[in-house]
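Coordinate analysis (summary)
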Amino acid sequence: MPKRLILLFLLLLGFANVTAFAQPAAPGAFDTKAAQAFMIEASTGTILLAKNEDQLISPASLAKLMTLDVVFDAIGRGEINLDTEYPVSENAWRTGGAPSRASTMFAALKSRIRVGDLIQGIAVQQANDACIVLAEGMSVSEREFARRMTARAREIGMSRSTFTNSTGLPDADDPNAGGKVSAREMVMLAQDLQEKHPDLYKYFGQADFTWNKIYQRNKNPMLLLNIGVDGLGLGFAEGEGFSIVASIQRDGRRLFLALGGLKSDKERIEETRRVLEWGLSNFKSQRIFADGEVIGDASVYGGAASTVGLQAKIPVDVYVPIETPDRLSARIVYRWPLTAPVAAGYEAGTLRVFLGARLVRELPLYTKESVERGTLGRRAFDAFMELTESLLFSWLWDKPLPT
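Now for a quick tour of the structure. Remember, predicted model here, so these are calculated numbers, not experimental data.

Examining the packing of helix H2 (residues 63–76) against helix H5 (residues 128–138)
As a packed pair, H2 and H5 sit with axes 11 Å apart at the nearest point and diverge in direction by 45°. By the angle between their directions, the pair H2 and H5 is classed as oblique. When you trace H2 past H5, the crossing you get is left-handed. Note on element contacts: H5 touches H2 through Asn128, Cys131, Leu134 and Met138, opposite Lys64, Thr67, Val70, Val71 and Ala74. Among the residues forming the contact of H2 with H5, the class breakdown is 6 nonpolar, 2 polar and 1 charged.

Considerations on helix H7 (residues 183–196)
Helical geometry: 3.6 residues make up each α-helical turn, so side chains three or four residues apart lie on a common side. End to end, H7 covers 20 Å across 14 residues, agreeing with the expected 20 Å (1.5 Å per residue, within 8%). Across the 14 residues that make up H7, a large majority, 10, are buried. Buried residues of H7: Ala183, Glu185, Met186, Val187, Leu189, Ala190, Gln191, Asp192, Leu193 and Gln194, and no others.

With respect to the sheet that holds strand E10 (residues 253–262)
The antiparallel open sheet is built from 5 strands, whose spatial order is E3-E2-E10-E9-E8. Strand pairing shows two members of the sheet lacking a second neighbour, strand E3 (47–51) and strand E8 (229–237), which therefore form its edges. Along the sheet, successive strands turn relative to each other by an average axial angle of 5°, direction set aside. In the sheet, strand E2 (residues 36–41) pairs with E10 via 6 bridges, with the strands oriented antiparallel. Of the residues in E10, the one forming a bridge with Phe38 is Ala258. Here H7 sits on the sheet and contacts E2, E3, E8, strand E9 (241–250) and E10; the angle it forms with E10, its principal contact strand, is near 145°. Helix H9 (residues 265–281) rests against E2, E3, E8, E9 and E10 of the sheet, and its axis sits at about 145° to E10.

Describing the pattern of salt bridges
Evaluated as defined, the whole model comprises 24 salt bridges. Among the salt bridges present, the one from Glu144 reaches Arg147, with a minimum N-O distance of 2.7 Å. Of this pair, Glu144 and Arg147 both sit in helix H6 (residues 142–155), separated by 3 residues, roughly a single helical turn. Relative accessible area serves as the criterion here: at 34%, Glu144 is assigned to the partly exposed category. Here Glu271 ties to Arg274 by a salt bridge, and the two come within 2.8 Å at their closest N and O atoms. Placement of both Glu271 and Arg274 in helix H9 is noted, with a separation of 3 residues, approximately one turn of the helix. Connected through shared salt-bridge partners, Asp69, Asp73, Arg77, Glu79, Arg148, Arg152, Glu155, Asp192 and Lys196 make up one network.

Here is what the cut-offs are and how they apply
- Residues numbered from 1 in each chain as written.
- Predicted model: local features only at pLDDT ≥ 70, side-chain atom pairs only at ≥ 80, totals over all residues.
- Heavy atoms only, no water.
- Axes fitted to C-alpha atoms, helices over the stretch in contact; angles between N-to-C directions.
- Helix = DSSP H or I, 4+ residues; strand = E, 2+ residues; numbered from the N terminus.
- Parallel < 35°, antiparallel > 145°, perpendicular 65-115°, else oblique.
- Left-handed = near helix turned anticlockwise from the far one by under 90°.
- Contact = heavy atoms within 4.5 Å.
- Nonpolar A, V, L, I, M, F, W, Y, C, P; charged D, E, K, R; others polar.
- Expected span 1.5 Å × (residues − 1).
- Buried < 20%, exposed > 50% of the residue type's maximum accessible area, 1.4 Å probe, protein only.
- Pairing = 2+ DSSP bridges.
- Salt bridge = Lys/Arg side-chain N within 4 Å of Asp/Glu carboxyl O.

Spelled out as structure tokens, the structure:
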């Protein structure tokens, strides 16, 4: 019984079964000139770099990535297809077309354009007119389409990002025009585009696109470096600087990166390359839990058994620095207590993996087996213990983080 109380005390602190992996001392920290940065390794989800990653900034033209995600999702669900055509309104032509003197595919007024061509206009040329044509065609208005963009963001886990138009264009009368995003959530968006829509993602790496007899090369300068970058988009906002969302694949690894707050286009190119090269050359994969391995136990109240094993559904790998890595540790976090009956495969908690003090990976944990309800005497005893421990340790419960 004392052992069980000790375990409960650890759980009330918010973790259980801490598993540590001794490593040498930490190296000097890598830093970036960007004001905001977030980078992960795709196959493991390991966070390689994080700096002001949750700070909200203007998306500028990076909003077009969410416009394309909405379009890609609609294609995947059969709502539209690449041959669906939409008309070019005067608003789309004047606001985002040739008269705007901004990024455009030079869509002709009152013409009709295929969705497949509009996608290329956005992915290759960051065309504002293509965004507006799609927004007006798929929704009642661009404002209504922007609501759909924000709703789609919530669906893929972007809990804080908002969008007010399809282009990210500023508005002198509305300081919040375009919306707000974070570097972390833009990486989520990049993942969604590449992993869920690989057949459409290819357009981001297309070298050029000709429309209305006007030839334009891809506006993403990272593609010209031939280092493995195959997307995604650029942004610039007055007072906030230059930003980028990039993805690179090389030697079987894929990294997703978002940078913001850079001082110039030149600095954006140089810093993006430097950060990506660092991420590709300074880490190695390390397996910390095998497929099907029980990572820890969770207490169960009122059950035929007092604990249940927790495991991930996949092997747990992380990317760690090749030289002098920080101490690697793992924690199980779950909301105490689990109450019987508990089904096998129930998502009961979260595994958090830390490199030093920095969270680098987080993934769900599931119960290995079911736990049936215990005897009446067992349930009564556990109910008494639950009440007692709640009264004694209620001050230790996790508190909601401020928004």
